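Breakdown of the fold
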Amino acid sequence: MSSLQKLWTKSLLCNRVQAGLCRGAIPQPGGAGRAALARDRRPFSLRGGAQRRGEERAPGPYKARPPSRLRHSRSGSRRSSLPPQGHAWGPRGALRSAPVTAAGTAPVPPVSSSGRMGRFTVWDYVVFAAMLLISAIIGIYYAFVGGGQKTSKDFLMAGRSMSALPVALSLTASFMSAVTVLGTPAEIYRYGAIFCIFAITYGLVVLCSAEIFLPVFYKLGITSTYEYLELRFNKYLRLCGTILFIIQTTLYTGIVIYAPALALNQVTGFDLWGAVVATGVVCTFYCTLGGLKAVVWTDVFQVGIMVAGFSSVIIRAVVVQEGIGRIVNDSYHGGRLNFWDFDPNPLQRHTFWTIVIGGTFTWTGIYGVNQSQVQRYIACKNRFHAKLSLYINLVGLWAILVCATLCGLALYSIYKDCDPWTAKQVSALDQLMPYLVLDIMRDFPGVPGLFVASAYSGTLSTVSSSINALAAVTVEDLIKPYFKSLSEKKLSWISMGMSLFYGGVCIAMAAVASLLGALLQAALSIFGMVGGPLLGLFALGILCSFANGIGAFVGLVSGFIISLWVGIGSQIYPPLPERTKPLDLSTVGCNMSLGNLTSTEIPLTTVFSTPGAERPALADNWYSLSYLYFSTLGTLVTVVVGIIISLLTGGLKQNTDPKFLLTKEDFLSNFSRSETEQPEKVEVLNWKPFTMANEGTDNPAFSHIEMDVASDKNKVNGLHI
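Parameters at a glance
Residues numbered from 1 in each chain as written. Predicted model: local features only at pLDDT ≥ 70, side-chain atom pairs only at ≥ 80, totals over all residues. Heavy atoms only, no water. Helix = DSSP H or I, 4+ residues; strand = E, 2+ residues; numbered from the N terminus. Buried < 20%, exposed > 50% of the residue type's maximum accessible area, 1.4 Å probe, protein only. Contact = heavy atoms within 4.5 Å. Areas by Shrake-Rupley, 256 points an atom, 1.4 Å probe, with all protein chains shown as cover. Polar contact = N/O pair within 3.5 Å; in protein donor to acceptor, adjacent residues only side chain to side chain. Core = buried A, V, L, I, M, F, W, Y, C linked by side-chain atoms within 4.5 Å. pLDDT = per-residue confidence, 0-100. Salt bridge = Lys/Arg side-chain N within 4 Å of Asp/Glu carboxyl O. Phe/Tyr/Trp six-rings, centres within 6.5 Å; stacked < 30°, edge-to-face > 60°. Lys NZ or Arg CZ within 6 Å of the ring centre and 35° of its normal. Patch = residues over 30% accessible without salt bridge, like charges linked within 9 Å, V, L, I, M, F, W, Y side chains within 5 Å. Disulfide = S-S within 2.5 Å. Expected span 1.5 Å × (residues − 1). Bend = angle between axes of the 7 residues up to and from the residue.

Section: the overall build of the chain
- Scanning the chain from terminus to terminus reveals 25 helices and two strands.
- Taken over 721 residues, the chain has a buried fraction of 57%.
- A sequence separation of at least 24 residues applies to 83% of the contacts in the chain between residues at least 6 apart.
- Split by element, the accessible area of the chain, about 28600 Å² in all, is 67% carbon and sulfur.

Next up, the structure:
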């Protein structure tokens, strides 16, 4: 380089680069601004400026004019449209060195090779620590306010005194785990906005949960949903449901703690085990001290953090892209606005029908009968507040879906010509959101920390709900039936002990997840299929008066066998790309050599496709069933087989107490504000030790735990006094 060129370069640097960067050292290329680099270095074209695939590029730097927002320095002076030789324009006008390879292009270094991206500042850690501290303080407050947790009912059910709004926000927070924060935008980035059809699904799920399952559970005054299985059928089905729930929830919680921590660690450098242990310990702390009240109110705080994290990303992305119109336009031309696909083929991963039908069964298994969700809304002070909490929660679910969709579309708009996943800047799709945050937020100290706090708030809310639910089913289903002499004070202490125990188990499961990896993910997928058969079991009990214990058990086993068959088969033989329909991702705008310039179409086909001789006929038909239909299949098989076996074994001859069924009165009393609390029912259920001979149950051996629902004040049916 001549002396004149050196002088010109140094002058340009000192005039246009931020203070502190022009003291003789040119900053090395960092991870932040790769999106801007991709836009600045690609040749001009009428549609987005992306060079067509397969065209060779001339050696040397790109001769493209940077976007208008990058053409001026912060001082307002005009810059040459060409960067100096061996350099390139970075985000917001910063000049970055760009070592030129033999091919003449400057490759984007991986995140790990640069100290400029992937590390947090002190302020980011302060924001994260503040979130943990406030959550712990809420737990301490509810441990002592109002005299503390005097009974197991206070600890596990918040004394059945909660109102609708905090419970609704708690339900929303538990739904919005870190998997949602990190995974849903990546899903939309990869497969498109058809995921938005879940808005319809959520409406149907809330309707079914509020109008079918909630009335029965609430009028019985139960704490554990699996108590219903003994009241309606027998104790063996109750035990089956409890054990399956414990195994499923423990596995799930381990993944929920570890997977987001790993994704954030690999992108941001956020300490992996420090975050896992800190979140696990804080969560266990406030669950053990404050019980369900602490869980609900920390969820309220954490949902605010999550919304703030999402909102900060959306606002900044809109600013970077100069308006939401550009994001929508890029998404439209990139095929991401694929809202409507009415293909009835059940083998397609996501269509309108798979999402609406399959998604409704899948999520009703969670909202309708899963202890983690049901425990919150039956803790409300009356049925009006319980139903209202579900409908308010629906608004929260829609808001989350809108935020996640906008984040996913912003991801595509920013990286449409330089996909970080294909370019090996991230190793998994769930790392895209933290990658984006560090890319566009690096000049805003504390904001990346806010996003990480939002992701871990999702983890905390889900794990705390799981710990509280695990403690509830253990005390109600495995301890109280066999140790009837325990006082309420002792049960309260046992409940706290169970919360502490399961908190430790969940942290341990996170460690197991780090060792087993994909094997545990496969196990979780298999245990995730238990939701369908369990939903079918509860539907049999509530909707079919003639269903008996034999039919219910045979139906449950049949549903499990079918669900596991198709589920394990889909793990062994993953669906082909034509079933999952991944959308194109491009690296044509990345500053990479031609040898590294690829589309994701080729590697995906290579990964998933196997020679025809190795894939049996079932692999491309039965095993390719959309994952959303696994729960649907399990539910329908359980119900159909249960009905048939019940009819064959004398189900029509039995007398089923109407309090265990969904009745016409349950519909007529919808949103009845005059309905009062039912503490007497709870007390009878918890305290009355003697057998009530006139209960009219089909299981007289277990009638000692039934509740006298038909009190003098509120007769549900005419079978009692």
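Considering the side chain of E211
- Within the element layout of this structure, E211 appears in helix 7 (residues 198-220).
- At 2.9 Å, the side chain of E211 and the side chain of Y391 are in polar contact.

Here's the deal with the nonpolar core
- In this structure, Y228, M433 and Y456 are the most contacted members of the largest nonpolar core, which totals 146 residues.
- If we ignore the near neighbours within four places in the chain, the residues touching Y456 are F128, M131, A261, L264, F270, A275 and T279.
- With five residues, the next largest nonpolar core counts V566, L625, Y629 and F630 among its residues.

Remarks on the confidence of the model for the chain
- In this model, the chain carries an average pLDDT of 75, and 71% of its residues clear a pLDDT of 70 or more.
- Helix 23 (residues 629-648) holds the highest mean pLDDT among the elements of the chain, 94, whereas helix 22 (residues 601-608) holds the lowest, 34.
- The low-confidence segment residues 593-613, where pLDDT is below 50, has 33 contacts with residues more than four positions distant or belonging to other chains.
- Predicted confidence for residues 674-721 stays below pLDDT 50, and this span has 97 contacts to residues more than four positions away or in other chains.

Observations regarding the pattern of salt bridges
- Across all of its chains, the model carries ten salt bridges by this definition.
- Note that D477 is salt-bridged to R238, the shortest N-O span being 2.6 Å. Of this pair, D477 sits in helix 16 (residues 447-479) while R238 sits in helix 9 (residues 235-268), and the two are 239 residues apart along the sequence.
- Under the relative-accessibility criterion, D477 is labelled buried at 3%.
- Linking R376 and D299 is a salt bridge whose minimum nitrogen-to-oxygen distance equals 3.5 Å. Taken as a pair, R376 in helix 13 (residues 371-377) and D299 in helix 10 (residues 272-320) lie far apart in primary sequence, 77 residues in all. Residues R376 and D299 agree in their burial class; the two are buried.

So, the packing of aromatic side chains
- Applying the stated criterion to the full structure yields 22 aromatic pairs.
- Measuring from ring centre to ring centre gives 6.5 Å for F213 and F217, while their planes differ by 25 degrees; the resulting arrangement is stacked. With F213 and F217 both in helix 7 and four residues apart, this pair spans about one turn of that helix. One exposure class covers both F213 and F217, and it is buried.
- Taken together, the ring pairs connect F213, F217, Y226, Y228, F245 and F538 into an aromatic cluster.
- Over the ring of Y191 we find R349, and its NZ or CZ is 4.3 Å from the ring centre.

Thoughts on a nonpolar patch on the surface
- On the surface, a nonpolar cluster with roughly 650 Å² of combined accessible area is contributed by I200, L204, F339, W340, F342, W353 and I357.
- Secondary structure elements with two or more residues in the nonpolar patch: helix 7 and helix 12 (352-367).
- Within the secondary structure, L204 is located in helix 7.

Notes on the state of the cysteines
- Evaluated as defined, the whole model comprises one disulfide.
- In this structure C407 is not part of a disulfide, and its nearest cysteine sulfur, from C403, lies 6.8 Å away.
- Considering cysteine sulfurs only, C283 is the nearest to C506, which forms no disulfide, with 7.9 Å between them.
- Of the residues examined, C506 reaches a relative accessible area of 1% and is grouped as buried.

Some words on the environment of W565
- Relative to the helices and strands, W565 is located in helix 20 (residues 549-572).
- On the accessibility criterion, W565 (43% relative accessible area) is partly exposed.
- Taking the C-alpha atoms as reference, W565 lies 9.5 Å from W622; in sequence the two are 57 residues apart.

A closer look at the side chain of D299
- Relative accessible area serves as the criterion here: at 0%, D299 is assigned to the buried category.
- Once residues lying within four places of it in the same chain are set aside, the contact partners of D299 are S170, A173, S174, R376, S461, S464 and S465.

Describing helix 7
- The first and last C-alpha atoms of helix 7 sit 31 Å apart over 23 residues, in line with the 33 Å expected at 1.5 Å per residue.
- The largest bend in helix 7 is about 45 degrees, located at L214, with the proline P215 one to four residues further on.
- Trailing helix 7 by a residue or two, G221 shows a phi angle of about 65 degrees, which is positive.

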